[in-house]
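So the chains spell out like this:
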Amino acid sequence: MNSDAALRLANLHANDLFLLICNLSQMSNNDKILEIFLRSLQAVYPDLSLSYLSPESVNSGSALKISSGEKDFGFLSFGSSEPGESDLSLMQNACGMLGLILRKNEQSQEKQNSFRILFENMTQGVVYQDAKGNITSANPAAERILGLSLDQMRGRTSMNPEWKAIRENGENLSGEHHPAMVALRTGKPVLNSVQGIYNPEIESQVWMAVDSIPQFLSGSSEPYQVISVFSDITLQRGAQLAESEAISDSVKMLDESIRTRKALLSVVEDLQKTEADLSDTKANLEILNSRLQELVYAVKNLSAARTMEEIQKVTAASAKALLYCDGVTLMLREGDSYRAVGVDPILPLCGGKPFPLESWINGQSILNKQIAVVPDILADAKLPQDLAKDIPFKSLVLVPVNPDDPFAALGYYWSKEFIPTANEIQLLQTLADAAAKAIQNIQLVDNLEKNVKLRTSELEIVVKELESFSYSVSHDLRAPLRVIDGYVQILLEDFSSKLDGEGKRVCGVISDSARKMGRLIDDLLAFSRSGKASMELSPIDMAAMARSVFSEITTENLRNHIDFSLDKMPPAMGDPSLIKQVWLNLIGNAIKFSSKKDRPVIAIRSERKGDEVIFSISDNGAGFDMKYAEKLFGVFQRMHSQDEFEGTGIGLAIVQRIIARHGGKIWASAEPGKGAAFYFTLKHGGEA
Amino acid sequence: MSESDGMEILLVEDNPLDAELTIRTLKNRNLASPIFRVSDGVEALDFLFCRGAFAARKFPETLRLILLDIKLPKIDGLEVLRAIKTDPVLKKIPTVMLSSSREDPDIKKAYDLGANSYVVKPVNFDSFSKCVSDLGMYWIIVNQRIV
């Protein structure tokens with residue numbers, strides 16, 4: 001499953017769960033990746049487990065389910081190219097953050113649960129009112145103290161005259177002075193205000209101490225609700241009024257009630273904070289998620305980049321999408337200087353020429369292996385101000401590429417002031433790390449190409465030397481031989497009367513040897529030609545070629561003497577001049593070694609095997625002992641003495657070399673006195 | 001009249017033994033055409049363009065065949081060939097390139113420059129003498145020259 005498929009699958013299952021997309025790849029060991037994920041998740045959330053969504057084992061990517069017991073929490077998808085250390089660390093961060101959310105989510109739920117229990121069972125009344133004062137919720141204690149059911153209270157405001165509220169001194173307490181309304185209006189808590197309210201249930205006045213706390217949504221200065229917590233102090237108040245000795249007790253109780261209310265309020269606040277925190281974390285994760293997605297694309301595109309310009313473009317596009325960066329330069333180190341690629345408004349300033357590393361802050365970031373943040377380019381002394389004033393950007397962040405031993409730096413430019421957070425710097429570094437991999441790949445390919453070119457030119461020189469050597473050999477060794485032979489002939493023609501039989505025989509030996517030497521030179525040259533640098537492959541009509549070779553090397557008399565048969569044969573793919581050399585040698589051998597038979601028989605056949613063709617040539621000649629078969633194709637190796645059959649011992653070496661260069665095989669079978677058969681394979685030449 | 005006047009075949013050959021064998025063969029085959037031999041490219045050009053040692057003689061109008069070895073001292077056979085084939089008069093004289101080697105990468109160049117024939121001298125003297133006499137026979141007797 002590739003990363004795209006993994007993503008789709010994860011999306012399908014994700015619903016409203018978190019989806020993390022992480023970039024990883026070509027890591028053969030998925031279990032190791034899982035382990036890293038799991039460890040970083042479990043560091044913050046020990047109960048989590050990970051499992052593959054699809055049962056198949058995967059190589060390049062997959063979706064993983066993150067769960068705790070029966071509960072599914074999220075999905076993790078990973079895939080794509082070139083993983084770097086920072087990809088892993090980014091992933092670990094993401095996993096860590098996911099775990100944090102899961103934990104906070106749970107904490108929040110726990111708190112809500114405990115608050116719910118407290119809310120239901122506490123002796124203090126709690127009433128929630130919205131921004132307009134409408135009661136939205138109340139606990140059973142509030143129902144009891146106020147003598148109204150929740151249904152009766154819901155929608156009622158403090159302004160309702162039925163409350164019949166009075167101050168401590170018995171004066172009427174109007175709705176707008178009710179602590180909840182004051183808290184809403186002023187945005188400040190109103191604490192420990194005492195009031196009386198008519199309870200229709202018991203048909204009498206109830207005294208209570210009230211704390212009203214306004215609640216705010218994060219980022220808003222207007223309260224969106226107010227929580228009032230109150231305790232019934234009718235008894236204490238009655239006691240306070242009736243008996244003075246009970247005063248200290250009732251004060252104690254009153255204090256306790258205040259403390260309880262305060263504790264309660266802090267629980268409520270904590271709960272609110274947890275929820276706000278949770279939603280912040282969720283928002284952070286969403287940002288992180290989208291950044292991860294962007295990085296996945298960037299890494300994918302970077303790994304496909306083949307030039308420094310492409311790397312600069314991909315990095316610029318990615319930095320723009322990630323952090324609204326307005327331009328990116330890629331500064332490549334070249335020894336003690338650097339040269340910039342990219343960002344059109346800046347290139348004309350530096351003219352694409354190399355600058356010494358220590359001259360600008362750009363180079364210094366490479367030299368010092370440090371990230372540099374320049375909030376205001378014009379205000380930074382490390383930039384040459386005569387140039388800086390023409391740079392149409394405000395802020396610059398320089399990130400060394402390959403921080404341990406930087407061979408480049410990325411300059412990220414913003415038109416408006418931009419100061420990155422630690423996370424954002426990490427993001428820029430991650431992008432730089434991905435670019436590092438891409439740059440190294442390009443440099444590797446460049447080096448390989450250079451090496452190949454170097455080797456090729458070296459080889460070309462060797463081949464040329466060999467060619468000129470062949471040329472000299474053929475020229476300079478042949479000429480004296482011709483002279484030897486020629487002068488022996490003169491001797492025989494002009495001085496024949498002075499030579500006796502032995503003299504003439506000696507002349508014959510000299511002449512024969514000179515001719516043999518000539519053949520040897522020709523064969524050696526053919527052997528060296530069989531290794532010539534270039535082969536031009538084309539389909540060859542093998543039957544026609546074999547037939548014409550046979551005619552070429554035989555006289556009509558000889559042709560009539562030999563029982564020569566040739567099958568219809570499929571075309572073969574090969575270099576025609578080299579394959580002709582093969583037929584010349586093999587047919588020549590067959591004729592030579594069968595020449596002592598009364599009726600020489602030579603048969604050429606073929607058999608197709610898949611995309612190859614096996615050609616064979618057999619004769620009924622002298623054959624050879626198969627125990628010497630391995631020597632057959634060696635240079636200067638001969639199976640027969642010169643007395644039996646003349647030869648240089650090079651022919652089959654040439655044949656084998658040519659067949660091997662065509663990717664084919666050659667072998668032989670033979671029996672002394674009964675004949676030999678040679679087989680070789682060539683690629684089929686296509687439908688003819 | 002210089003000794004080179006009235007020559008019908010010019011042999012440009014640096015190897016005196018090869019030259020001797022060639023001349024001997026042509027004579028033995030009763031090709032009575034007078035043969036003149038020069039031993040390098042400079043001499044060949046001097047002979048053909050009537051300059052240097054040959055400044056006193058007039059243009060060799062009787063010349064019917066040039067046998068030109070490809071490997072020559074000073075100026076090589078191909079350069080001589082180029083000079084012959086770019087001269088409006090000389091270019092009409094059949095020029096046969098002689099080489100010791102069929103490996104010669106110069107075969108194509110020779111034809112490109114307008115050689116009339118390219119012959120590899122066989123090692124075997126029988127073949128060699130047959131080859132040389134065939135050449136003489138063909139170019140002097142069979143071939144129809146411009147009248």
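Residues numbered from 1 in each chain as written. Chains lettered and ligands numbered in written order. Predicted model: local features only at pLDDT ≥ 70, side-chain atom pairs only at ≥ 80, totals over all residues.

## Observations concerning the interface of chain B and chain A
Of the residues lining the interface, 14 residues belong to chain B; the matching set on chain A comes to 16 residues. For the side of chain B that touches chain A, the secondary-structure elements that each account for two or more residues are helix 1 (16–28) and helix 5 (125–142) of chain B. Considering only residue class, the side of chain B that touches chain A consists of 5 nonpolar, 4 polar and 5 charged. (Contact = placed C-beta atoms within 7 Å. Helix = DSSP H or I, 4+ residues; strand = E, 2+ residues; numbered from the N terminus. Nonpolar A, V, L, I, M, F, W, Y, C, P; charged D, E, K, R; others polar.)

## Describing the pairing of strand 5 (residues 125–130) of chain A
Residue and element names in this part refer to chain A. Where strand 5 lies against strand 9 (residues 223–232), 6 bridges are found, and the strand directions are antiparallel. Of the residues in strand 9, the one forming a bridge with aspartate 130 is glutamine 225. For strand 5 and strand 6 (residues 135–138), the ladder comprises 3 bridges, and the chain directions are antiparallel. Considered in strand 6, the bridge of tyrosine 128 is made with serine 137. (Pairing = 2+ DSSP bridges.)

## Remarks on the confidence of the model for chain B
Residue and element names in this part refer to chain B. Model confidence for chain B is summarised by a mean pLDDT of 84, while 90% of its residues fall at 70 or above. Looking across chain B, the model is least confident in helix 5, with a mean pLDDT of 84, and most confident in helix 3 (residues 77–85), with 93. Across the interface, the model reports ipTM at 0.73; the global pTM reads 0.43. (pLDDT = per-residue confidence, 0-100.)

## Quick look at the packing of helix 15 (residues 542–552) of chain A against helix 17 (residues 576–593) of chain A
When two helices pack together, their arrangement is given by the angle between the helix axes and the distance between those axes. Residues and elements named next belong to chain A. Look at helix 15 against helix 17: their axes get within 9 Å of each other, and the N-to-C directions meet at 50 degrees. Compared by their axis directions, helix 15 and helix 17 come out oblique. You can see that helix 15 and helix 17 cross each other, and the crossing is right-handed. Residues Met545, Ala546, Val549 and Phe550 of helix 15 touch helix 17, and the partners they reach there are Ile579, Lys580, Trp583, Leu584 and Ile587. Among the residues forming the contact of helix 15 with helix 17, the class breakdown is 8 nonpolar, no polar and 1 charged. (Axes fitted to C-alpha atoms, helices over the stretch in contact; angles between N-to-C directions. Parallel < 35°, antiparallel > 145°, perpendicular 65-115°, else oblique. Left-handed = near helix turned anticlockwise from the far one by under 90°.)

## Details of the environment of A:Ala434
Its place among the elements puts A:Ala434 in helix 13 (residues 422–494). When the 30 C-beta atoms within 10 Å are taken as the criterion, A:Ala434 is described as buried. (Buried ≥ 20, exposed ≤ 12 C-beta atoms within 10 Å, placed from the backbone.)

## Section: the pairing of strand 10 (residues 327–334) of chain A
Residue and element names in this part refer to chain A. Strand 10 sits mainly inside the fold: 7 of its 8 residues count as buried. In this structure, strand 10 lies alongside strand 15 (residues 408–414), joined through 6 bridges in antiparallel fashion. Bridging across to strand 15, glycine 327 finds its partner in tyrosine 413. Note that strand 10 and strand 11 (residues 337–341) share 5 bridges and pair antiparallel. Each bridged residue has a counterpart across the sheet, and for leucine 330 the counterpart in strand 11 is valine 341.

## Quick look at unusual backbone geometry
All names here are of chain A. The residue asparagine 192 is not glycine, and still its phi comes out positive at about 55 degrees. You can see asparagine 192 is positioned in strand 7 (residues 190–199). The class of asparagine 192 is partly exposed, set by 13 C-beta atoms lying within 10 Å. Unusually for a residue other than glycine, asparagine 402 sits at a positive phi of about 65 degrees. For asparagine 402, the position within the fold is in the loop between strand 14 (395–401) and strand 15. Take asparagine 402: there are 19 C-beta atoms within 10 Å of it, and that puts it in the partly exposed class.

## Some details on the environment of A:Glu644
Residue and element names in this part refer to chain A. Mapped onto the fold, glutamate 644 is located in the loop between strand 20 (612–619) and helix 18 (651–661). Given 12 C-beta atoms within 10 Å, glutamate 644 falls into the exposed group. C-alpha separation for the pair glutamate 644 and alanine 622, spaced 22 residues apart in sequence, amounts to 9.6 Å.

## Focus on the sheet that holds strand 8 (residues 204–216) of chain A
Residues and elements named next belong to chain A. Reading across from one edge, 6-5-9-8-7 is the order of the 5 strands in this open sheet, with antiparallel pairing throughout. Every other strand in the sheet has two partners, leaving strand 6 and strand 7 as the edge strands with one partner each. Taken pair by pair, the neighbouring strands of this sheet meet at an average axis angle of 30 degrees, ignoring direction. Each of strand 5, strand 7, strand 8 and strand 9 is contacted by helix 6 (residues 179–186), which is oriented at about 15 degrees to strand 8, the strand it contacts most.

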